[in-house]
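Descriptive structure summary
Each chain, written out:
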Amino acid sequence: MAIRIVRKEGDDVLRKQCKPVKEITNSVLQLIEDMKDTMYQSDGVGLAAPQIGILKQIVVIDDREGGEFALINPKIVKTEGEQESCEGCLSLPGFRGTVMRPEKVTVEAIFPDGNEYTIEAEGFLAVIMCHEIDHLSGILYKDKAVVYERIPEEDK
């Protein structure tokens, strides 16, 4: 396992479209483990491959309630409702923003075991999924934020 460097705003890789994973190889599985280690080291709840400079459609998530998982080639296929979320990002340290996200999402993805699954998520998990999947298209949460601000020292 390895901790990777998290790319910060201004790095061109964060604005690029990621490519689908064609085959789940040992290197893809190792990348997923490295992403999990990096996410935990950075105290995050999600991490997308472009955040560590890899233009592949892979995200790792830990909502701190249902455990951790990885999604390969995830696609949001259905959304319902709307919720306001306060978000931060490992690639935008020191900032936070208010973003309108779906209350519920349905996502199709391949898991590391090679099987395709459909996942339904709501609330905080729906926010995480939308945020991380946006990264795969070069979208940062600040692009959608209705409020974007530096976090005051007393709130850090």
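The model shown is predicted, which means the values in this text are computed figures rather than measured ones.

**Digging into the side chain of Asn73**
- Along the chain, Asn73 falls in strand β3 (residues 68-80).
- For Asn73, the side chain forms a polar contact with the main-chain nitrogen of Val21, separated by 2.7 Å.

**Let's talk about unusual backbone geometry**
- For Asp43, which is not a glycine, the phi torsion comes out positive at approximately 60°.
- Position of Asp43 relative to the elements: it lies in the loop between α1 (26-41) and β1 (46-48).

**A short note on the pattern of salt bridges**
- Across all of its chains, the model carries 12 salt bridges by this definition.
- Here Asp43 makes a salt bridge to Arg64, at a shortest N to O gap of 3.6 Å. A residue pair is termed long-range when its members are at least 10 positions apart, and Asp43 in the loop between α1 and β1 and Arg64 in the loop between β2 (58-62) and β3 qualify at 21 residues.
- For Asp43, a relative accessible area of 58% translates into the label exposed.
- You can call Arg64 partly exposed: its relative accessible area is 45%.
- For the salt bridge of Lys78 with Glu80, the shortest nitrogen-to-oxygen distance reads 3.5 Å.

**Quick word on the pairing of β3**
- In this structure, β2 lies alongside β3, joined through five bridges in antiparallel fashion. If you follow Ile61 over to β3, its bridge partner there is Phe69.
- For β3 and strand β6 (residues 104-110), the ladder comprises six bridges, and the chain directions are antiparallel. Within β6, the position partnered with Lys78 by the bridge is Thr106.

**Comments concerning the sheet that holds strand β4 (residues 83-87)**
- Strand order in the open sheet formed by three strands is β4-β5-β8, and the pairing between neighbours is antiparallel. What marks the edges here is a single partner per strand, and that holds for β4 and β8 (145-150). Recorded for the sheet is a direction-independent mean angle of 15° between the axes of neighbouring strands.

What counts as what
- Residues numbered from 1 in each chain as written.
- Predicted model: local features only at pLDDT ≥ 70, side-chain atom pairs only at ≥ 80, totals over all residues.
- Heavy atoms only, no water.
- Helix = DSSP H or I, 4+ residues; strand = E, 2+ residues; numbered from the N terminus.
- Polar contact = N/O pair within 3.5 Å; in protein donor to acceptor, adjacent residues only side chain to side chain.
- Salt bridge = Lys/Arg side-chain N within 4 Å of Asp/Glu carboxyl O.
- Buried < 20%, exposed > 50% of the residue type's maximum accessible area, 1.4 Å probe, protein only.
- Pairing = 2+ DSSP bridges.
- Axes fitted to C-alpha atoms, helices over the stretch in contact; angles between N-to-C directions.

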